[in-house]
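Read off the chains here:
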Amino acid sequence: MEEEIKKIKDISISEIKNCSSKKELEELKVKYLGKKGELTLVLRGMGKLSPEERPVIGSLVNKVRDELNNLFVNKEKELNKEELQKRLKTENIDVTEPSKKIVLGSLHPITQIIKEVEEIFLGMGYEIADGPEVEKAIYNFDKLNTPPDHPARDIQDTFYVNDDIVLRSQTSPVQARVMEEKKPPIKIICPGAVYRSDSVDATHSPVFHQIEGLVVDKNISMTDLKGTLEMFAKKCLGENTKIRFRPHHFPFTEPSAEADVSCFVCGGKGCKVCKGEGWIELLGCGMVHPNVLKNCGIDPDVYSGFAFGFGVERIAMAKFGIEDMRLLFENDVRFLKQF
Ligand code: DAH
């Protein structure tokens, strides 16, 4: 029997040594030390032995079992270590590998100009107002003192949804909406999209953006308008910018004017941007017509106001040196990411 035990011991030791996986090791453990394992079976067969032999064989089996147990524990440690090394080798992270580039977008030039203008006017105590782009003709025209036979109302110029509803052709209807809703003092600007039945070319688009301004209070005069626009022009286009008024006509203002700014590229000498003029046409403006105040429930004998409106594309094009308006609407990222 001793022989048999020795044989089991030798074979199992070599098997454990050669074992290369934890699964295999577990199987060997069952094979030798499990309930039906080879060593356990030897113990069970001890009944056949003489009383003198039993303790000798018993202690021998126990010794071998302890030895094997130790071997199993050590082999398991060894295999765990190997496994870890293998994983470290295959699953390592190369911290020097360049990461994927995150492509950040940028604000569209039109949005940039609108935000910049908003900041300037917010700084002067204005609020930002909003109005519908699909607008009642009464707000786009009638309340703004624009009679039914005015050429701007022609279907050649304005998109009609039906007889009474248009795509607003200007941001000026927001003036009327705000005046109806609020009592003076009123100080607002309103940026937004407007629509006109124009064909697309380098300087025209059927949709473009305007920013409208309106101030209504007691004792508002033309000097307030001029001072405000001068301040705005200096902040937006540069400290040396000058401003000049030319007489004009708008139905909703009296008197009305167009305001030009000295060319902020050449300083007034004449260049490509100002087409040799030294001046760039900036906006339309004037003192709010008494009829408009009346139409919106404000007493023109008590209050007066000024208003102005300008195109955002024109400013963006002049400021960023963009020569073709279509580029602003094509949304080619290669173009847009330059700004
Ligand atoms: N609404 C005018 C346009 O689209 C611009 C304008 C001119 C707005 C004079 C005004 C203003 O508020 O007072 O051409």
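Please read these numbers as outputs of a predicted model, since none were measured by experiment.

Rules used in this analysis
Residues numbered from 1 in each chain as written. Predicted model: local features only at pLDDT ≥ 70, side-chain atom pairs only at ≥ 80, totals over all residues. Heavy atoms only, no water. Helix = DSSP H or I, 4+ residues; strand = E, 2+ residues; numbered from the N terminus. Rg over C-alpha atoms; globule rule 2.2 N^0.38 Å. Buried < 20%, exposed > 50% of the residue type's maximum accessible area, 1.4 Å probe, protein only. Contact = heavy atoms within 4.5 Å. Areas by Shrake-Rupley, 256 points an atom, 1.4 Å probe, with all protein chains shown as cover. Domains from an automatic or database assignment. Polar contact = N/O pair within 3.5 Å; in protein donor to acceptor, adjacent residues only side chain to side chain. Core = buried A, V, L, I, M, F, W, Y, C linked by side-chain atoms within 4.5 Å.

1. Some remarks on the overall build of the chain
Scanning the chain from N- to C-terminus turns up 12 helices and 10 strands. Against the globule reference of 20 Å for 339 residues, the chain gives a C-alpha radius of gyration of 44 Å, more extended than a compact globule. Here the C-alpha coordinates of the chain stretch approximately 130 × 45 × 40 Å along the principal axes. Within the chain, the fraction of its 339 residues that count as buried is 40%. For the chain, contacts bridging at least 24 residues in sequence account for 66% of all contacts bridging at least 6. For the chain, the exposed area adds up to about 20000 Å²; of that, 52% sits on carbon and sulfur atoms.

2. Focus: the domain arrangement of the chain
On domain assignment, one finds that the chain holds domain 1 (2-90) and domain 2 (109-336). One C-alpha centre belongs to domain 1, the other to domain 2, and the line joining them spans 93 Å.

3. Describing the side chain of Thr253
Within the secondary structure, Thr253 sits in strand S8 (residues 253-262). Under the relative-accessibility criterion, Thr253 is labelled buried at 2%. Within the structure, the side chain of Thr253 is placed 2.6 Å from the side chain of Ser256, a separation counted as a polar contact. Apart from the residues lying within four places of it in its own chain, the contact partners of Thr253 are Cys285, Gly286, Met287, Val288 and His289.

4. Concerning the nonpolar core
Counting residues in each nonpolar core, the largest one holds 43 residues, and the members touching the most others are Phe121, Leu229, Phe232, Leu283, Phe306, Phe308 and Phe310. Elements supplying a minimum of two residues to this core: helix H5 (109-123), strand S6 (207-217), helix H8 (222-237), S8, strand S9 (279-288), strand S10 (304-311), helix H10 (312-320) and helix H12 (333-336). Counting residues in hydrophobic clusters, the runner-up holds 21 residues, among them Tyr139, Met179, Val292 and Cys296.

5. Examining the side chain of Glu258
The topology assignment puts Glu258 in strand S8. Sequence-distant contacts of Glu258, that is, excluding residues within four places in its chain, are made with Arg244, Phe245, Arg246, His248, Phe250, Glu281, Leu283 and Gly284.

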